[in-house]
Structure formats: C-alpha cells, structure tokens
Amino acid sequence: MYVLLDFIQRVFKTMNETPHNTYQILTKRSKRLSELAESLHWTPNIWIGTSLENEDVSYRIKDLRKSACSYSISLT
C-alpha cells in the first residue's frame, strides 16, 4: 500500500515553507520515489537517502539521482 501523492505533496509543502529546517527523507522504496520525483518541489533543505544492505539493491542510488534533490545520502 502506497502513501497517496496528495499527502506527500502536502508534507513537501510544509518542508518547502520552513527553509530554516533541514529534512532527511529515508526510503527503501526508491523506485516509487523516482516515479513521484517530478511531482514534488525539492528545496535545498530536503535531503533524500536510502540504505544499501548489499550490492543487489545498489539500483537505489540511481533511483535517488532521478529526483531534483540537491543532497542525497546512502547508508551501508
């Protein structure tokens, strides 16, 4: 079950309106993120990240790069 795009956009609106805070969004659903990335407004205070348990999920990094996020992190 996915979180609705409308809800995600409302969360992003709040993050966009509070540039004095930095937000880290961590996801293992990188494909879903890459599908939604163009529908979201990425400001410099929004960071995206994922974890990499092994090489089998290294595709997550490529998926994150499809977003307009200016800062991304990966945890191994």
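**Overview of the packing of aromatic side chains**
Two aromatic rings, taken as a pair, are described by how far apart their centres are and by the angle between their planes.
Point 1. On inspection of all chains with the given rule, the structure shows 1 aromatic pair.
Point 2. Here the guanidinium or amino end of Arg32 rests over the ring plane of Tyr2, the centre of that ring lying 4.3 Å away.

**Things to note about the pairing of strand 2 (residues 46-51)**
Point 1. In this sheet, strand 2 lies alongside strand 1 (residues 23-26) in parallel orientation, the contact comprising 4 bridges. Within strand 2, the position partnered with Tyr23 by the bridge is Ile46.
Point 2. Between the parallel pair strand 1 and strand 2, the chain is carried across by helix 2 (residues 30-36), and the sense of this crossover is right-handed.

So, how was this worked out
Residues numbered from 1 in each chain as written. Predicted model: local features only at pLDDT ≥ 70, side-chain atom pairs only at ≥ 80, totals over all residues. Heavy atoms only, no water. Phe/Tyr/Trp six-rings, centres within 6.5 Å; stacked < 30°, edge-to-face > 60°. Lys NZ or Arg CZ within 6 Å of the ring centre and 35° of its normal. Pairing = 2+ DSSP bridges. Helix = DSSP H or I, 4+ residues; strand = E, 2+ residues; numbered from the N terminus. Right-handed = clockwise from strand over helix to strand, strands pointing away.

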